Amino acid sequence: MLFLGGLGRSGTTLIERILGELPGVCGLGEVVHLWRRDVLDDERCGCGERFSRCAFWREVGIEAFGGWNADLALRVIGLRDAIERTRYLPELAAPRLRTVRARLVAEYTEAYLRIYRAAATVADASVVVDSSKHASLAFCLRWQRDVDLRVVHVVRDPRGVAYSWTRTRVRPEADGSAEMTRYPPARSALLWNAHNAAFGVLERLGTPVHRVRYEQFVAAPAAAVEEIRRFADLPPQPRPPEFLTDRGARLGRCHSAAGNPMRFLTGDIELRCDDAWRAELPAPSRRLVGALTAPLLGAYGYSLGTVRRPVPAGASR
Ligand SMILES: [Zn+2]
């Protein structure tokens, strides 16, 4: 199971969509949101159908649980509130879990494990991709012995992330009735620190973590995908894979359960770095985000002042 982690608006949906085109890979979207948005609220799958009408997810539900039901979703949401929160990371990172918590974590992750297994069977895939992003879910899954958990940690320049969080966007899966969350720059900067640092901790605890910079990915996607392919032990591909060039990708239909509106896109898409923040993010916000994220910013190869050109994947630093 490949877990795509990082703070939202870092490019995880784009990367999941591209990985989902590889033979043997099944992208599931943000499974963490499936329980409420799909099972309870019947929002739209990436294929455009309502969740309850999507043949893929119906089959996965039957294979995993004998069918989806509201009681199951409410139980998992309740477990999530009890154990899978960023504030519980210190306990989840401890060498041992207390008995009660261990039981809850086992039950919670068992529900995900069943989905991963069922999706792999239904899609005939050897790797499933969950782009739930939240470090807290990855920290829970590390306790699940029956999951081969490998994390692709996606990092994006925090000023680009901050700019994206300030913009108003409608959630098409709710048929235009809801807007995506917005955060002021200082808040997204602090979240950026916390979420990215958490994946560093996860790596130190022994979970395999492969770090990808969004800017690097879009600059040289074929090389970045090849690195992830090797990390995930997927069979070799022609280089570059047919659907992918260094300027664009051809995306087929997907069954991404929840996430960024980009999951509804099909056909040819252009791959270019979204760096609108350089022109649009006001200088005081840019300086504030830079100051708040300075320690990790440097560690990931971003510069505080004039922005360095992204280093192509595979190039030596
Ligand atoms: Zn679908």
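Remember, it's a predicted structure, so these values are computed and weren't measured experimentally.

Cut-off values and rules
Residue positions within a chain follow its written sequence, with the count starting from 1. This being a predicted model, a pLDDT of at least 70 is required before a residue's local features are given, and a value of 80 or more before pairs of side-chain atoms are given or counted; all residues contribute to the totals for chains, interfaces and linings. Values reported for side chains reflect all heavy atoms of the structure, with hydrogen atoms and water molecules removed beforehand. Interaxial angle, 0 to 180 degrees, is taken between N-to-C directions of lines fitted to C-alpha atoms, where a helix line uses only the stretch in contact. A run of DSSP states H or I qualifies as a helix once it reaches four residues; a run of E qualifies as a strand once it reaches two. Both are numbered from the N-terminal end. For classification purposes, angles smaller than 35 degrees are called roughly parallel, those larger than 145 roughly antiparallel, those between 65 and 115 roughly perpendicular, and all remaining angles oblique. With the far helix as reference, a near helix turned anticlockwise by less than a right angle produces a left-handed crossing, and one turned clockwise produces a right-handed crossing. Should any heavy atoms of two residues lie within 4.5 Å, those residues are counted as being in contact. Each residue receives one of three labels: charged for Asp, Glu, Lys and Arg, nonpolar for Ala, Val, Leu, Ile, Met, Phe, Trp, Tyr, Cys and Pro, and polar for the others, Gly being one of them. Stacked, edge-to-face and tilted labels apply to pairs of Phe, Tyr and Trp rings (six-membered ring for Trp) whose centres lie within 6.5 Å, assigned for plane angles under 30 degrees, over 60, and everything in between, in that order. Only protein chains enter the accessibility calculation, which uses a 1.4 Å probe. A residue is then buried if its area is under 20% of the maximum for its type, exposed if over 50%, and partly exposed in between. For a Lys NZ or an Arg CZ to count as sitting over a ring, it must be within 6 Å of the ring centre and within 35 degrees of the ring normal.

Undergrad: Help me understand the packing of helix α3 (residues 55-65) against helix α6 (residues 99-123), please; the structure alone is not making it clear to me.
TA: Between two packed helices, the angle of one axis relative to the other and the distance separating the axes together describe the packing. It is at 8 Å that the axes of α3 and α6 come closest, and there the two elements cross at 125°. The angle between the axes of α3 and α6 places the two elements in the oblique class. Seen from above, α3 lies across α6 with right-handed handedness. Here F56, W57, E59, V60, E63, A64 and F65 of α3 lie close against α6, whose contacting residues are A111, R114, I115, A118, A119, T121, V122 and A123. Counted by class, the contact of α3 with α6 contains 11 nonpolar, one polar and three charged residues.

Undergrad: What am I meant to see in the packing of aromatic side chains here?
TA: Two aromatic rings, taken as a pair, are described by how far apart their centres are and by the angle between their planes. According to the stated counting rule, one finds 12 aromatic pairs in the structure shown. Here the aromatic rings of F56 and W57 are separated by 5.2 Å at their centres, their planes lie at 75°, and the arrangement is edge-to-face. What makes W57 buried here is its relative accessible area of 0%. Put simply, the rings of W35, F51, F56, W57, F65, W68, Y108, Y112 and Y116 touch in pairs and so form one group of aromatic residues. Lying over the aromatic face of Y88, R101 brings its terminal NZ or CZ to 5.0 Å of the ring centre. R156 extends its terminal NZ or CZ atom over the ring of Y214, reaching a point 4.8 Å from the ring centre.

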